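What follows is each chain in one-letter form.
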Amino acid sequence: MKNQPIGFLDSGVGGLTVIKEVMKLLPNEEIYYIGDSARNPYGPRPLSEVLDFTIQLANFLVSKGIKALVIACNTATVAALEVLQEQLEIPVIGVIESGTKAAVTSSKNQKIGVIGTQGTIQSNEYEKQILKLSQRADVQSVACPQFVSIVEKHQYEDELAKNVVSKELEPFLGSEMDTLVLGCTHYPLLQSIIQDFFGEDLTLIDPGVETAIQVQAILNQFEMQNDKIDNAKNHVFYTTGPANKFEKIAKDWLKSTDFKVEHIPVKEIQKHGK
Ligand code: DGL
């Protein structure tokens, strides 16, 4: 079991920001990833539909023999974490707990901002979890629905991205927050534009960093660390969208070519439903 891959899922390319951190921290682990770009975005969909899609993606990865699952998508974490933890026989982790802990630890004044998809923000999950850890926290949450499509379309280095970021982050103007959680795994691809908008005094939290630490802890706990050498060459990334588009963003973001990208049709994924 310990030499099996770890599975990661997302609605598209966003989970790449999580695996980037996992690759840094756990270079000996093999990664199987599925991004559902054909049905992206998940953010505006009812959570019951996101739950169904996430179960399909998870079961698909389980059929490939993964030893643990990371829901590398905040919206899917809100919709499906508890259900999958109950249904699957392998460890399952999400990204929200990690982002919450990192934010509460980093903030000096406990004025914390959260940005995410409509699904994540409407669920109030970050605010609930932050307040559990820090009763005096003051949380402002804002949905940024346009960020995901900019990233999926590989427009995150364009002038358009700057304009959209400035517009969607306007509700924070005048805020005293010292920490902002990037509560959608697509957003770290816009991190430098977001940082420029607020200036260097604001700390941005990328939950991917903390999630990688949590993956490491789980592997240690279950004594599942991969001990085969040179695994990194065997990463497989599946996408329901066009493989060439996914590959371009993956190479650009991961600064690596040690992976294989395969297109998988939605029809195939749907066969893994409940
Ligand atoms: N990357 C996903 C998240 O973390 C969702 C993006 C979307 O499909 O709306 O929430």
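Below you will find a few notes about this structure. Quantities reported herein were computed from a predicted structural model and do not represent experimental measurements. (Residues numbered from 1 in each chain as written. Predicted model: local features only at pLDDT ≥ 70, side-chain atom pairs only at ≥ 80, totals over all residues. Heavy atoms only, no water.)

Further remarks concern the overall build of the protein. The number of helices and strands found in the protein is 12 helices and 10 strands. The C-alpha atoms of the protein give a radius of gyration of 18 Å, which matches the 19 Å a tight globule of 274 residues would have. Judged by the C-alpha coordinates and their principal axes, the protein covers about 50 × 40 × 35 Å. Sequence-distant contacts, at least 24 apart, represent 77% of the contacts inside the protein between residues at least 6 apart. For the protein, the exposed area adds up to about 11,900 Å²; of that, 48% sits on carbon and sulfur atoms. (Helix = DSSP H or I, 4+ residues; strand = E, 2+ residues; numbered from the N terminus. Rg over C-alpha atoms; globule rule 2.2 N^0.38 Å. Contact = heavy atoms within 4.5 Å. Areas by Shrake-Rupley, 256 points an atom, 1.4 Å probe, with all protein chains shown as cover.)

Taken across its 6 residues, strand S5 (residues 111-116) has 5 buried, putting it largely inside the fold. Looking at chain direction, S5 and strand S6 (residues 138-143) are connected through 6 bridges and run parallel. Each residue of the ladder has a partner; that of Ile 115, found in S6, is Val 142. As paired elements, S5 and strand S7 (residues 179-182) share 4 bridges and run parallel to each other. The partner of Ile 112 across the bridge, within S7, is Thr 179. (Buried < 20%, exposed > 50% of the residue type's maximum accessible area, 1.4 Å probe, protein only. Pairing = 2+ DSSP bridges.)

In the vicinity of the ligand there are 14 residues, among which Ser 11, Tyr 42, Asn 74, Thr 75 and His 186 approach most closely. In the model, an oxygen atom of the ligand is placed 2.6 Å from a nitrogen or oxygen of the Ser 11 side chain. For the ligand, an oxygen atom lies 2.8 Å from a polar atom in the backbone of Thr 185. Protein chains bury 99% of the 300 Å² of accessible surface belonging to the ligand in isolation. Of the residues that constitute the shell around the ligand, the class distribution is 5 nonpolar, 8 polar and 1 charged. (Near = heavy atom within 4 Å. Polar contact = N/O pair within 3.5 Å; in protein donor to acceptor, adjacent residues only side chain to side chain. Nonpolar A, V, L, I, M, F, W, Y, C, P; charged D, E, K, R; others polar.)

What follows is about the sheet that holds S7. In a beta sheet, neighbouring strands are held together by backbone hydrogen bonds and run either parallel or antiparallel to one another. Strand order in the open sheet formed by 4 strands is S6-S5-S7-S8, with parallel pairing between adjacent strands. A single partner strand is all that each edge strand has here, and the edge strands are S6 and strand S8 (203-205). Pairs of neighbouring strands in the sheet enclose a mean axial angle of 20°, with direction left out of account. (Axes fitted to C-alpha atoms, helices over the stretch in contact; angles between N-to-C directions.)

Under the definition given, this model contains 10 aromatic pairs. Both rings, one in Phe 237 and one in Phe 259, keep their centres 4.7 Å apart while their planes meet at 20°; by these two values the pair is stacked. Taken together, the residues Phe 237 in strand S9 (residues 235-239) and Phe 259 in strand S10 (residues 259-263) connect sequence positions 22 residues apart. Exposure class is identical for Phe 237 and Phe 259. Each is buried. Grouped by ring-pair contacts, the aromatic residues Tyr 33, Phe 237, Phe 246 and Phe 259 constitute a single cluster. Of note, Lys 20 hangs over the ring of Trp 253, and the distance from its end group to the ring centre comes to 4.2 Å. Positioned above the aromatic ring of Phe 53, the side-chain terminus of Arg 39 is 3.8 Å from the ring centre. (Phe/Tyr/Trp six-rings, centres within 6.5 Å; stacked < 30°, edge-to-face > 60°. Lys NZ or Arg CZ within 6 Å of the ring centre and 35° of its normal.)

With that settled, consider the pattern of salt bridges. According to the stated counting rule, one finds 12 salt bridges in the structure shown. Asp 36 serves as the salt-bridge partner of Arg 39, at 2.8 Å between the closest nitrogen and oxygen. Comparing Arg 39 with Asp 36, the two get one shared label, buried. Among the salt bridges present, the one from Glu 247 reaches Lys 251, with a minimum N-O distance of 3.5 Å. (Salt bridge = Lys/Arg side-chain N within 4 Å of Asp/Glu carboxyl O.)

Another point: the packing of helix H4 (residues 96-106) against helix H6 (residues 125-133). For the pair H4 and H6, interaxial distance at closest approach is 9 Å and the crossing angle is 50°. By the angle between their axes, H4 is oblique relative to H6. Viewed along their axes, H4 and H6 form a crossing whose handedness is right-handed. Judged by residue contacts, Ile 96, Glu 97, Gly 99, Thr 100, Lys 101 and Val 104 of H4 engage Glu 125, Tyr 126, Gln 129, Ile 130 and Leu 133 from H6. (Parallel < 35°, antiparallel > 145°, perpendicular 65-115°, else oblique. Left-handed = near helix turned anticlockwise from the far one by under 90°.)

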